[in-house]
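This is what each chain is made of:
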Amino acid sequence: MREENVVSVAELLDRQGGSVRLVAELTESSTSRWTDWRTGFIDPVSHQGIRLLEIAEGYVDLKYGAVFLPTGELIAESTVWDPFRFLMNNPRPPISGDTRFQEGFTVFPSSSFYHFLTEDLPRVAWILEAFPGRQIVGGSNCPQYAEEAAALLTGSMKRTSATYMRVRNYPFITFGSASGWPEPSTVEFVRRLGLAWQQEVAEMSTTKIYVSRMGSSRSPVNEHQLAILASERGYERIEAKDLSLKEQIRIFAGATSILGVHGAGLANSIWMPGGSRVIELMDPGYYNPCYQWLSSVRGISHQTLLLEGGSTKRVEFQALETAL
């Protein structure tokens, strides 16, 4: 992948009569630190500041929300993913796009639930705050939770089956940290937004939630026994994927403890009150500490228990009993 396929915001802003303008600086540069449970290392996370910009003309990718110049160059900071890794997975630059929504719209990307909460939702909400009256466009595969959020933000979402959308005078957000590591102010912004949608949260009694993965590829082979143990310990079993966005906010905002296998349902810890607890069961072959990071930002106690076994993953109940 050649460097001329990517252009930075700094370069665009330096160009005389350039097509990109800075609208607002939303956050300043900062550094966060946290302790990785597995290594014990204190890891710094650098946040370069979040900015709102506007491009006079270009293309937007409907899946990720990435922004391209009319010539097909990717604006590096328009995606939280490493731009060269992004282009390796999306090698064909846009040469056309849906032109029905050129002006007065913003794209809701089709991300997994964790990235929806920590990246896409704040991205769209910030744009709508600065450019009220804009409508939201989603791809044909845009998930239900994004459509529900769009309805809460503007009343509806329009759909397109296109891969790219051709745009004019299009505002976009540049994030200050890599994917999976949202800065604390972004997490708090999303939390305030979600809780405002769910006013009855304050009436919820505290609960313990077991986030089931039964039937999924990540489900341990002995998850049925895990469900029984969780029930005996007072954990209410839920399937997060079967719940609406508002239902997830309502349930998790009243939870003081959640237990579950690594997966998108644990992103709901963003709604939990400070001082709560997360127990995460994780495949050691796919170690991803993003929920540890989220717990650290939220002031939530987080404990990770690694599953055992080779290709067949099992919960080690003695360790879990100790944790519980």
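Look up: the structure comes first, before these words.
Residues numbered from 1 in each chain as written. Predicted model: local features only at pLDDT ≥ 70, side-chain atom pairs only at ≥ 80, totals over all residues. Heavy atoms only, no water.

Student: Which parts of the structure should I look at to understand the overall build of the protein?
Tutor: Looking only at helices and strands, one finds nine helices and 16 strands in the protein. Relative to the globule expectation of 20 Å for 324 residues, the C-alpha radius of gyration of the protein, 21 Å, shows essentially globular dimensions. Here the C-alpha coordinates of the protein stretch approximately 65 × 40 × 35 Å along the principal axes. Residues counted as buried form 53% of the 324 residues belonging to the protein. Taking the contacts inside the protein whose residues are at least 6 apart along the sequence as the reference set, 71% of them involve residues at least 24 apart. Within the structure as shown, the protein displays about 14500 Å² of accessible surface, and the carbon and sulfur contribution to it stands at 47%. If the 30 positive side-chain charges of the protein are averaged to one point and the 36 negative ones to another, these points end up 3 Å apart. (Helix = DSSP H or I, 4+ residues; strand = E, 2+ residues; numbered from the N terminus. Rg over C-alpha atoms; globule rule 2.2 N^0.38 Å. Buried < 20%, exposed > 50% of the residue type's maximum accessible area, 1.4 Å probe, protein only. Contact = heavy atoms within 4.5 Å. Areas by Shrake-Rupley, 256 points an atom, 1.4 Å probe, with all protein chains shown as cover. Lys, Arg positive; Asp, Glu negative; His and termini not counted. Charge placed at Lys NZ, Arg CZ, Asp CG, Glu CD.)

Student: How should the sheet that holds strand β9 (residues 135–139) be read in this particular structure?
Tutor: Sheet strands pair via backbone hydrogen bonds, and the direction of the pair is either parallel or antiparallel. Within the open sheet, the three strands sit side by side as β8-β9-β10. Their pairing is parallel. Where the open sheet ends on each side, the last strands, each with one partner, are β8 (105–108) and β10 (158–160). In this sheet, neighbouring strand axes are inclined to one another by 35 degrees on average, regardless of whether the strands run parallel or antiparallel. Pairing geometry for β9 and β10, over three bridges, is parallel. Within the sheet, the bridge partner assigned to glycine 138 lies in β10 and is arginine 159. Running over the sheet, helix α3 (residues 113–130) touches β8 and β9 and is turned about 175 degrees from β8. Those strands touched by helix α4 (residues 144–154) are β8, β9 and β10, and its axis lies near 150 degrees from that of β8. (Pairing = 2+ DSSP bridges. Axes fitted to C-alpha atoms, helices over the stretch in contact; angles between N-to-C directions.)

Student: Teacher, can you tell me more about the pattern of salt bridges here?
Tutor: Between side chains of opposite charge, pairing is possible as soon as their charged atoms come close. For the structure on display, the rule yields twelve salt bridges. Note that arginine 168 is salt-bridged to glutamate 103, the shortest N-O span being 3.5 Å. Taken together, the residues arginine 168 in strand β11 (residues 164–174) and glutamate 103 in the loop between α2 (83–89) and β8 connect sequence positions 65 residues apart. Of the residues examined, arginine 168 reaches a relative accessible area of 36% and is grouped as partly exposed. Residue class for glutamate 103 comes out partly exposed when judged on its relative accessible area of 40%. One salt bridge connects lysine 313 with aspartate 283, and the closest N-O pair in it is separated by 3.9 Å. With lysine 313 in the loop between β16 (301–306) and α9 (317–323) and aspartate 283 in the loop between β15 (277–282) and α8 (290–298), this residue pair connects regions lying 30 residues apart in the sequence. Residue lysine 313 is classed as buried on the basis of its relative accessible area, which comes to 18%. (Salt bridge = Lys/Arg side-chain N within 4 Å of Asp/Glu carboxyl O.)

Student: Sorry if this is basic, but what is going on with the environment of leucine 26 here?
Tutor: By secondary structure assignment, the location of leucine 26 is in the loop between β2 (20–25) and β3 (30–35). Taking the relative accessible area as the measure of exposure, leucine 26 reaches 34% and is therefore partly exposed.

Student: What exactly am I supposed to notice about the side chain of glutamate 148 here?
Tutor: Relative to the helices and strands, glutamate 148 resides in helix α4. Buried and unpaired, glutamate 148 has lysine 246 as its nearest opposite-charge partner, separated by 6.3 Å. In this structure the side chain of glutamate 148 is engaged in a polar contact, spanning 2.7 Å, whose partner is the backbone nitrogen of leucine 245. Setting aside its immediate chain neighbours within four residues, glutamate 148 contacts Ser244, Leu245 and Lys246. (Polar contact = N/O pair within 3.5 Å; in protein donor to acceptor, adjacent residues only side chain to side chain.)

Student: What's the story with the pairing of strand β14 (residues 255–261) in this structure? I'm lost.
Tutor: Regular strands show a simple pattern: their side chains alternate between the two faces of the sheet. For β14, the tally of buried residues reaches six of seven residues, placing the bulk of the element in the interior. In this sheet, β14 lies alongside strand β12 (residues 207–211) in parallel orientation, the contact comprising five bridges. Bridge assignment links threonine 207 to a residue of β14, and that residue is alanine 255. For β14 and β15, the ladder comprises five bridges, and the chain directions are parallel. From the neighbouring strand, glycine 260 faces β15, where its bridge partner is glutamate 280.

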